Every structure is written in C-alpha cells, then in structure tokens.
Amino acid sequence: MDKLKRVLSGRDTGEPSGLAEVIDATSLGWGTRVKAFIACFVIGCLCSFLGTCLLWVPRKGLTLFAVFYTLGNIASICSTLFLMGPMNQLKRMFEPTRLIATIVMLVSI
C-alpha cells in the first residue's frame, strides 16, 4: 500500500520496471512513424499493382495475382499501425459500426 501511495504521489524513486523500459525503448518518434507509414503504404500499393499486372501471365497468373494482391493489402493495412498504434487500430477496426466490414475484409483476404 505504501508503494502505491508513493507511485501516485510521484515520490517513487525506484528503478523502472522491465515493461516500462521496453515501452520506452520501442516507442517511435512522429517523424519515424510517418516515414514507416509511407514506406509500408508504397510497398503495399506496389505489390497490389504488381499483382494486377501479373494477372495476365499465362498459367500462373492467377496464383501470382492472389499472392501479390494479398501481400499488398496486408502491407497497406499494416502501414496505418505506424500512425495510430496497433491497439488503437484494432479497437477502431472492431467497433460495432465497423465490425461487419472488418470481418468481410479479413475473410476475403
């Protein structure tokens, strides 16, 4: 109970926990987040475009289309993780107003 009082009053001078160190070490700055978003989104668009172009390849075109288009969609969705964070993205995707659209999109991938 004393530790809780010290933490809430800001007088806790103990060493930070392992979780706090991990969170501090993995947090990205805003500039890094935007750069990662742009890179991931461009890769996703290129994969989707490449998949569409490969659709016309004889014999293996449909398989190549499916693979590259799926990778492009996944990369594009993952690009937004850099802007809003994974948990916030998941919360928004599974809101009641977006639940059906999210399920249809994930099943179709």
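Conventions used here
- Residues numbered from 1 in each chain as written.
- Predicted model: local features only at pLDDT ≥ 70, side-chain atom pairs only at ≥ 80, totals over all residues.
- Heavy atoms only, no water.
- UniProt positions renumbered as here; feature names shortened; annotations may be inferred.
- Axes fitted to C-alpha atoms, helices over the stretch in contact; angles between N-to-C directions.
- Helix = DSSP H or I, 4+ residues; strand = E, 2+ residues; numbered from the N terminus.
- Left-handed = near helix turned anticlockwise from the far one by under 90°.
- Contact = heavy atoms within 4.5 Å.
- Nonpolar A, V, L, I, M, F, W, Y, C, P; charged D, E, K, R; others polar.
- Buried < 20%, exposed > 50% of the residue type's maximum accessible area, 1.4 Å probe, protein only.
- Patch = residues over 30% accessible without salt bridge, like charges linked within 9 Å, V, L, I, M, F, W, Y side chains within 5 Å.
- Areas by Shrake-Rupley, 256 points an atom, 1.4 Å probe, with all protein chains shown as cover.
- Salt bridge = Lys/Arg side-chain N within 4 Å of Asp/Glu carboxyl O.
- Parallel < 35°, antiparallel > 145°, perpendicular 65-115°, else oblique.
- Phe/Tyr/Trp six-rings, centres within 6.5 Å; stacked < 30°, edge-to-face > 60°.

- For the protein chain, the name recorded in an unreviewed UniProt entry is Vesicle transport protein, with Crotophaga sulcirostris as its organism.
- Taken verbatim from the UniProt record of the protein chain, the Subcellular location (unreviewed entry) comment is "Membrane".

**Observations concerning the packing of helix H4 (residues 61-84) against helix H5 (residues 86-93)**
Link 1 in the chain: Relative orientation of the contacting elements H4 and H5 amounts to 115°, with a least axis distance of 7 Å. You can see that H4 and H5 cross each other, and the crossing is right-handed. Counted together, Ile 77, Thr 80, Leu 81 and Met 84 of H4 and Pro 86, Asn 88, Gln 89 and Arg 92 of H5 form the full contact between these two elements.
Link 2 in the chain: A breakdown of the residues in the contact of H4 with H5 according to their chemical character gives 4 nonpolar, 3 polar and 1 charged.

**Some points on the environment of Phe 68**
Link 1 in the chain: Its location among the elements puts Phe 68 in helix H4.
Link 2 in the chain: When the C-alpha positions of Phe 68 and Gly 51 are compared, they lie 4.6 Å apart, and in sequence the two are 17 residues distant.
Link 3 in the chain: Excluding anything up to four places from it in sequence, Phe 68 contacts Cys 47, Ser 48, Leu 50, Gly 51 and Leu 54.

**Some thoughts on the environment of Leu 28**
Link 1 in the chain: Locating Leu 28 in the fold gives a position in the loop between helix H2 (18-26) and helix H3 (30-54).
Link 2 in the chain: Leu 28 gets classed as partly exposed once you look at its relative accessible area, which sits at 40%.
Link 3 in the chain: Residues Leu 28 and Phe 82, 54 residues apart in the sequence, show an inter-C-alpha distance of 8.7 Å.
Link 4 in the chain: Among residues more than four places away in sequence, those in contact with Leu 28 are Arg 33 and Phe 82.

**Considering a nonpolar patch on the surface**
Link 1 in the chain: Taken together, the side chains of Ile 74, Met 87, Leu 90, Phe 94, Leu 99, Ile 103, Leu 106, Val 107 and Ile 109 make up a nonpolar region of the molecular surface, amounting to roughly 800 Å² of accessible area.
Link 2 in the chain: Those elements that provide at least two residues to the nonpolar patch are H5 and helix H6 (99-108).
Link 3 in the chain: Residue contributions to the nonpolar patch peak at 4 residues, all from H6.
Link 4 in the chain: Inspection of the secondary structure puts Ile 74 in helix H4.

**Here we look at the packing of H3 against H4**
Link 1 in the chain: Contact geometry for H3 and H4: axes closest at 7 Å, N-to-C directions at 165°. Judged by the inter-axis angle, H3 sits roughly antiparallel to H4. Considering the relative orientation of H3 and H4, their crossing is left-handed.

**A closer look at the packing of aromatic side chains**
Link 1 in the chain: Under the defined criterion, the tally for this structure stands at 2 aromatic pairs.
Link 2 in the chain: With a centroid separation of 5.8 Å and an interplanar angle of 20°, the aromatic rings of Phe 37 and Phe 41 are classed as stacked. Here Phe 37 and its partner Phe 41 are both found in helix H3, 4 residues apart, which amounts to about one turn of the helix.
Link 3 in the chain: Among the residues examined, Phe 37 registers a relative accessible area of 22% and is labelled partly exposed.
Link 4 in the chain: Judged by its relative accessible area of 38%, Phe 41 is partly exposed.
Link 5 in the chain: Where Phe 65 meets Tyr 69, the ring centres are 5.2 Å apart and the plane angle is 25°; that geometry is what we call stacked. On the criterion of helical spacing, the pair formed by Phe 65 and Tyr 69 is a turn pair, its members being 4 residues apart in helix H4.
Link 6 in the chain: In this structure Phe 65 comes out as partly exposed when scored by relative accessible area, which is 23%.

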